[in-house]
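Chain and residue survey
As a plain string of letters, each chain reads:
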Number of protein chains: 2
Amino acid sequence: MSCDPFHRHDHAACHDRTLAAVDALCAERGLQFTPTRREVLDLLLRAPKALGAYDILAQLAGDGAKAPPVAYRALDFLVSNGFAHRLEKLNAYVACAHPGDAHLPAFLICRACDRVAEADAPRPLNKAAREQGFTIEGVVMEAVGLCPACADAAE
Amino acid sequence: MSCDPFHRHDHAACHDRTLAAVDALCAERGLQFTPTRREVLDLLLRAPKALGAYDILAQLAGDGAKAPPVAYRALDFLVSNGFAHRLEKLNAYVACAHPGDAHLPAFLICRACDRVAEADAPRPLNKAAREQGFTIEGVVMEAVGLCPACADAAE
DNA sequence: TTGCGGTTGATATGATATAACATTGCGGGT
DNA sequence: ACCCGCAATGTTATATCATATCAACCGCAA
Ligand SMILES: [Zn+2]
Ligand SMILES: [Zn+2]
Ligand SMILES: [Zn+2]
Ligand SMILES: [Zn+2]
């Protein structure tokens, strides 16, 4: 069902399904899913790996070169509405695999092929936070390692 | 015992103890704890919050302005030997609270006062990784929120 | 029409990080 | 003493990531 970048699958279906879901969510919520925003999400969905803001900018350049804020603004829209996620470790962005579902995302990042899988994060810091009286508002959880294919290739 | 930045404590003792521990570890392991490296760790230990590379650079400038690689090289030394940690969310660095102990660090970052506490991370993503056949080599785990003092002040 | 809010376009700048190469200082072998 | 190799440092330039600012545009409603 959900997209697993580490294994062969019909990714065109993931692409179409996600874009349709975001279309619907924006309509529901009264958000403007403008052409630029849609194109950026489309690029993220087509890319085999996380894209930096300037990667996106370059690929938008079909329409003539754009300035950095164009990419950052579209990404801000997508991230703040839960349609994409930022990877702090990579300074890069991926499309969300479950837009609309409330979820705390975690990421598995292959250091060899750069593919990224979105996983569901457990709540592991709650205990430490409670002990210190800390109120958690958001969590970054990103694992770096090797995907199955790259681990096989490396052995 | 270990340093808790969210509560008042005799931090000078933390500072001295950590610096001494790192001195000893470097001697044991045949690492060169040079003046620059020591000064950078000292700055990290004294700072109430995580420091960016350029913050450090500026504070080293007592000796005359240095170029960025000076800071980055010292930080690389400290991070790769486990004497400091990099916070991906902040592009900044903190001294390790338990140098020498093997540990998987997690961080609690107060968005109001910018103080950072190091916690012990559980092994969180192992289940998700196993399901996908992913081999984890390193994990970034950083929670953003409010420390007790700032939460009280905000209510 | 006029004003307003949200989006986009464009220029400039700020902040973070690394490449590349020269230089220094120190120990080991000759 | 000399040379060598190696690790650390110094220095310049550049790459990469991100934001401030202001102008222009567009759909909508008072
Ligand atoms: Zn998601
Ligand atoms: Zn891979
Ligand atoms: Zn630590
Ligand atoms: Zn605080």
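The residue numbers shown here count from 1 along each chain, following its written sequence. All chains are assigned letters beginning with A, and all ligands numbers beginning with 1, in the order in which they are written. Residues qualify for local features only when their pLDDT is at least 70, as the model is predicted, and side-chain atom pairs are given and counted only at 80 or more; totals for whole chains, interfaces and linings, by contrast, use all residues. Note that water and hydrogens are dropped before the side-chain values are worked out from all heavy atoms of the structure.

1. Points about the overall build of chain A
Numbered from the N terminus, helices here are DSSP runs of H or I no shorter than four residues, and strands are runs of E no shorter than two. Looking only at helices and strands, chain A features six helices and five strands. Walking chain A from its N terminus toward its C terminus, one meets helices and strands in the order α-α-α-α-β-β-β-β-α-β-α. Our radius of gyration is a C-alpha quantity, and the globule rule it is checked against amounts to 2.2 Å times the number of residues to the power 0.38. For chain A, whose C-alpha radius of gyration is 17 Å, the value lies close to the compact-globule estimate of 15 Å for 155 residues. Overall, the C-alpha framework of chain A stretches about 50 × 45 × 30 Å when taken along its three principal axes. Only protein chains enter the calculation, and the probe is 1.4 Å; a residue is then buried if its accessible area is under 20% of its type maximum, exposed if over 50%, and partly exposed in between. The buried share among the 155 residues of chain A stands at 43%. Put simply, 50% of the contacts in chain A that link residues at least 6 apart link residues at least 24 apart. For this analysis, residues touch if any pair of their heavy atoms sits within 4.5 Å.

2. A short note on the protein's contact with DNA strand D
In the vicinity of DNA strand D lie 13 residues, with A:Tyr54, A:Arg86, B:Thr34, B:Ala67 and B:Arg73 positioned nearest. Separating a phosphate oxygen of DNA strand D from a side-chain N or O atom of A:Tyr72 is a distance of 3.2 Å. Under this definition, polar contacts are N or O atom pairs within 3.5 Å; protein pairs additionally need one hydrogen-donor-capable and one acceptor-capable atom, and for neighbouring residues in sequence, both atoms have to be side-chain atoms. With respect to DNA strand D, the side chain of B:Arg73 contributes an N or O atom lying 2.5 Å from a base nitrogen. A class-by-class count of the residues in the surface near DNA strand D yields seven nonpolar, three polar and three charged. We call a residue near a molecule or strand whenever a single non-hydrogen atom of that residue lies within 4 Å of it. Three classes are used, and their members are as follows: Ala, Val, Leu, Ile, Met, Phe, Trp, Tyr, Cys and Pro are nonpolar, Asp, Glu, Lys and Arg are charged, and the others, Gly among them, are polar.

3. Notes on unusual backbone geometry
Residue and element names in this part refer to chain A. Positioned with a positive phi, Asn91 is a non-glycine residue whose angle comes to about 45°. Looking at where Asn91 falls in the secondary structure, it is placed in the loop between strand E1 (84-87) and strand E2 (92-95). On the accessibility criterion, Asn91 (43% relative accessible area) is partly exposed.

4. Regarding the relation of the copies chain B and chain A
Both copies of the chain are related by a screw-like operation: a rotation about an axis and a shift along it. Superposing the copies works by least squares over the C-alpha atoms of residues that have pLDDT at least 70 in both of them. Least-squares fitting of chain B to chain A yields an RMSD of 0.1 Å, with the transformation described by 0.0 Å of translation along the axis and a rotation of 180°. With respect to symmetry, the two chain copies, as superposed, fit the operation of a two-fold axis. Closest approach to the rotation axis among the C-alpha atoms of chain B is made by B:Met141, whose C-alpha sits 2.3 Å away. Interface overlap between copies: 100% of the residues of chain B at the interface are likewise at the interface in chain A, consistent with a symmetric, same-surface contact.

5. Details of the pattern of salt bridges
Residue and element names in this part refer to chain A. By salt bridge we mean one thing: a side-chain nitrogen of Lys or Arg within 4 Å of a carboxyl oxygen of Asp or Glu. Under the definition given, this model contains twelve salt bridges over all chains. In this structure, the salt-bridge partner of Lys127 is Glu131, at a minimum N-O distance of 3.2 Å. In this pair, Lys127 and Glu131 are both assigned in helix H5 (residues 126-132), four residues apart and thus about one turn of the helix distant. With a relative accessible area of 53%, Lys127 lands in the exposed category. A relative accessible area of 60% places Glu131 in the exposed class.

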